[in-house]
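Structural description and commentary
Here is what each chain is made of, one letter per residue.
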Amino acid sequence: MKVWKYGDNINTDMLFPGKYTYTCSTAEEIKPHLLEDLDSSFSKDVSEGDLIFAGINFGCGSSREQPVVGLKAVGIKAIVAKSFARIFYRAAINQGLVLIECESAVKSYSRNGDVKLDIENGKIEVNGKTFSFPKLPDEILAIRDAGGLLPYTRSKLKNKYNF
Amino acid sequence: MTFAEKILSKYAGEKKVIPGQIVTIYPDHLLTHDNTAAIIQKVKNELEKYGVYSKSLSVIVIDHVVPAASEKTALNHKIIRDFVNKYKIENFFDVGIGICHQVVIEKGIALPGKLILGSDSHTCSYGAVGAFSSGIDRTEAASLLLTGETWLKVPNSIKITLNGKLSNGVFAKDLILHIIGDISASGANYCSVEYCGDVEQFSIDDRFTITNMGIEMGAKNSVFNVDGITRSFLNSMKISPSAYESIYPDEEALYINELYYNVSEIVPLISCPHTVDNVKTVGEIEGLDIQQCLIGTCTNGRLSDLKIAADILNGKKISPDIRLLVLPASKAIFESALKLGIIQTLVESGAIILPTGCGPCLGAHQGILAPGERCLSTANRNFKGRMGCKEAEIYLASPATVAASALNGKITDPRTEMKK
Ligand code: SF4
């Protein structure tokens with residue numbers, strides 16, 4: 001498991017350049033361009049179960065969801081940041097990607113430090129120190145737990161129309 | 001309750017809501033643009049099975065890459081037209097009508113007291129006419145197409161009081177850059193922003209520029225209360241007051257933060273690479289050479305913006321080292337600018353008029369930058385790579401600053417050119 005560490009105000013153009021927004025929409029098309037203008041090693045070296053640590057306002061900018069779809073597809077387990085931009089936050093819930101807003105955990109992290117994450121119990125251990133983060137409200141957790149908004153909506157529609 | 005609390009309680013069917021509360025709402029409209037093709041693709045089977053929730057919910061505008069720049073984008077447009085025809089979508093605006101946010105306001109779709117969501121971050125613009133509007137992602141738009149409903153968290157609210165009058169040569173764009181520079185790109189994260197004070201000096205065009213950039217400080221929505229300016233704007237579009245219900249905050253509403261600005265002290269400002277909150281005075285970097293200028297986008301592509309630029313460029317020629325691109329934000333604006341001779345003035349000065357739409361704003365086509373180039377633009381974002389090249393620099397300013405700078409080929413304080 002690797003931790004990718006970035007700074008403040010990482011915007012959607014850094015996560016996935018705008019010039020591809022109308023030509024790449026599937027996860028496979030998105031993956032090679034992830035973080036292209038921020039960290040060219042990311043898309044080559046990222047692997048299942050990796051974490052991202054970042055500063056304030058992660059995901060600010062455009063409403064494009066390709067960064068979230070791509071990060072989920074390459075297996076990012078969670079993004080831990082001091083704060084997130086709101087559309088990015090919603091998009092993550094809608095794709096079932098775990099975001100953790102925890103300023104002190106980010107502050108405690110140092111390169112190659114040890115990180116243990118317990119999403120269920122809302123705990124993250126960074127370099128031997130444990131921090132808790134609040135649970136999402138039930139209505140929202142239900143969406144994330146369904147695997148994202150579309151599976152959630154599909155089952156709702158099935159119940160409504162009874163087929 | 002604040003504006004946001006009031007409108008969300010109305011749409012949630014509850015007497016009172018408090019910040020942090022999650023409410024289920026049915027928005028009046030759902031805006032989508034070129035991304036509609038990808039959105040409907042996600043729920044293709046469900047659409048076949050259940051159809052759309054309502055044919056009046058969607059507002060679809062093809063504006064981002066227009067006319068199509070490639071076979072792929074052309075196919076996207078075609079998929080959208082087929083969808084519109086199949087499901088008899090009532091509000092559809094094809095290539096050439098305008099930029100989505102401009103169209104939503106210009107066609108009277110955004111009205112006071114309405115709740116609109118859109119799969120575009122600058123959906124927050126409609127607070128210019130007293131609506132609550134906010135951006136969402138594509139997946140949520142897809143789900144809304146089917147169900148018509150979603151959840152919203154009731155935001156905390158920030159009240160911004162504007163005192164005094166803007167000086168000559170200083171515009172709404174300078175004001176919003178000033179505020180963002182002050183509170184930072186995340187200063188209003190998750191919040192609703194309400195503007196009040198001496199706001200009668202701001203036309204709907206000005207308010208649009210200000211609310212449009214709400215997202216650049218992280219806001220969920222931003223709003224000007226409905227007043228005489230709003231009403232006469234709506235009257236001019238033949239929309240009667242019975243067609244909408246204005247919502248005002250209560251006097252005892254609670255704000256998480258209250259900010260005051262003396263706007264008469266603001267000078268022409270410029271947002272420097274690569275974050276919108278990296279704001280300096282134009283004077284601080286005056287003389288820096290630029291290669292491309294852009295006047296347009298949903299932030300500053302309106303008639304009043306084109307007129308300000310034309311007044312500065314009238315009878316003069318832009319620097320031979322500059323490419324000046326002008327994009328009217330809608331066909332209606334383009335037509336008015338033609339009638340008023342504004343387009344003639346701009347073209348004679350050396351401007352290239354691009355088709356109505358987003359143009360190079362998002363770096364997809366028409367005016368991509370080369371490595372090492374600098375562009376001075378009236379847009380709302382200067383992120384690295386935003387205009388298609390990560391080794392280029394983007395600066396943001398008012399149409400006046402862009403026009404004055406185009407004349408000199410260098411960043412120029414518009415007040416020097418306005419005096420001549
Ligand atoms: S003009 Fe630019 S900011 Fe506005 S909607 Fe188009 S791409 Fe987005």
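Residues numbered from 1 in each chain as written. Chains lettered and ligands numbered in written order. Predicted model: local features only at pLDDT ≥ 70, side-chain atom pairs only at ≥ 80, totals over all residues. Heavy atoms only, no water.

Let's talk about helix H6 (residues 138-147) of chain B
Along an α-helix, residues three or four positions apart point the same way, because every turn accommodates 3.6 residues. Burial runs high along H6(B): ten of the ten residues are buried. Once H6(B) finishes, B:Gly148 follows within two positions and takes phi at roughly 75 degrees, a positive value. (Buried < 20%, exposed > 50% of the residue type's maximum accessible area, 1.4 Å probe, protein only. Helix = DSSP H or I, 4+ residues; strand = E, 2+ residues; numbered from the N terminus.)

Notes on helix H15 (residues 399-408) of chain B
Residue and element names in this part refer to chain B. Counting buried residues in H15 gives nine out of ten residues, a clear majority hidden from the surface. Taken together, the buried positions of H15 are Pro399, Ala400, Thr401, Val402, Ala403, Ala404, Ser405, Ala406 and Leu407. Gly409 lies just past H15 and shows a positive phi near 75 degrees.

Comments concerning the sheet that holds strand E9 (residues 192-197) of chain B
Strands in a sheet are paired, the pairing made by backbone hydrogen bonds, and the direction either parallel or antiparallel. Residue and element names in this part refer to chain B. Strand order in the open sheet formed by four strands is E10-E9-E8-E11, and the pairing between neighbours is parallel. Edge strands, defined here as strands with exactly one partner in the open sheet, are strand E10 (221-224) and strand E11 (257-262). Taken over all neighbouring pairs, the strand axes of this sheet differ in orientation by 20 degrees on average, direction set aside. Lying over the sheet, helix H1 (residues 3-12) contacts strand E8 (157-163), E9 and E10, oriented at roughly 125 degrees with respect to E9. Running over the sheet, helix H8 (residues 204-212) touches E9 and E10 and is turned about 155 degrees from E10. (Pairing = 2+ DSSP bridges. Axes fitted to C-alpha atoms, helices over the stretch in contact; angles between N-to-C directions. Contact = heavy atoms within 4.5 Å.)

Examining the domain arrangement of chain B
Residue and element names in this part refer to chain B. What the domain assignment reports for chain B is domain 1 (3-262) and domain 2 (270-418). If you average the C-alpha positions of domain 1 and of domain 2, the two centres end up 25 Å apart. Opposite the 32 residues of domain 1 that make contact, domain 2 presents 39 residues. The junction of domain 1 with domain 2 conceals about 2,800 Å² of combined surface from both sides, 62% of it contributed by carbon and sulfur atoms. Looking at the side of domain 1 facing domain 2, the largest losses of area belong to Ile99, Phe171 and Lys173, adding up to 21% of the total buried there. If you look at where domain 1 meets domain 2, you find one salt bridge. Across the pair Arg381 and Glu216 runs a salt bridge, and its minimum N-O distance is 3.2 Å. There are 18 residue pairs in polar contact (both at pLDDT 80 or more) connecting domain 1 and domain 2. Of all the secondary-structure elements, those providing two or more residues to the side of domain 1 that touches domain 2 are helix H5 (100-106), helix H7 (172-183) and H8. (Domains from an automatic or database assignment. Buried area = accessible area lost by both parts, 1.4 Å probe. Salt bridge = Lys/Arg side-chain N within 4 Å of Asp/Glu carboxyl O. Polar contact = N/O pair within 3.5 Å; in protein donor to acceptor, adjacent residues only side chain to side chain.)

A word on the site of the ligand
All names here are of chain B. Close to the ligand lie His64, Ile99, His101, His122, Thr297, Cys298, Cys358, Cys361, Leu362, Asn380 and Arg386. Class assignment for the residues of the shell around the ligand results in five nonpolar, five polar and one charged. Counting contributing residues, the shell around the ligand receives three or more from each of domain 1 (3-262) and domain 2 (270-418). (Near = heavy atom within 4 Å. Nonpolar A, V, L, I, M, F, W, Y, C, P; charged D, E, K, R; others polar.)

Brief notes about the packing of helix H12 (residues 303-313) of chain B against helix H14 (residues 342-349) of chain B
All names here are of chain B. Between H12 and H14, the shortest axis-to-axis distance is 9 Å and the interhelical angle comes to 45 degrees. Relative to H14, the element H12 is oriented oblique. Crossing geometry of H12 relative to H14 is assigned as left-handed. For the pair H12 and H14, the contacting residues are Leu303, Leu306, Lys307, Ala309, Ala310 and Leu313 in the first and Ile342, Thr345, Leu346 and Ser349 in the second. Residues belonging to the contact of H12 with H14 are distributed by class as follows: seven nonpolar, two polar and one charged. (Parallel < 35°, antiparallel > 145°, perpendicular 65-115°, else oblique. Left-handed = near helix turned anticlockwise from the far one by under 90°.)

Details of the packing of aromatic side chains
With the rule as written, the count across this model stands at eleven aromatic pairs over all chains. Between A:Lys2 and the ring centre of A:Trp4, over which it is positioned, the NZ or CZ distance is 4.0 Å. (Phe/Tyr/Trp six-rings, centres within 6.5 Å; stacked < 30°, edge-to-face > 60°. Lys NZ or Arg CZ within 6 Å of the ring centre and 35° of its normal.)

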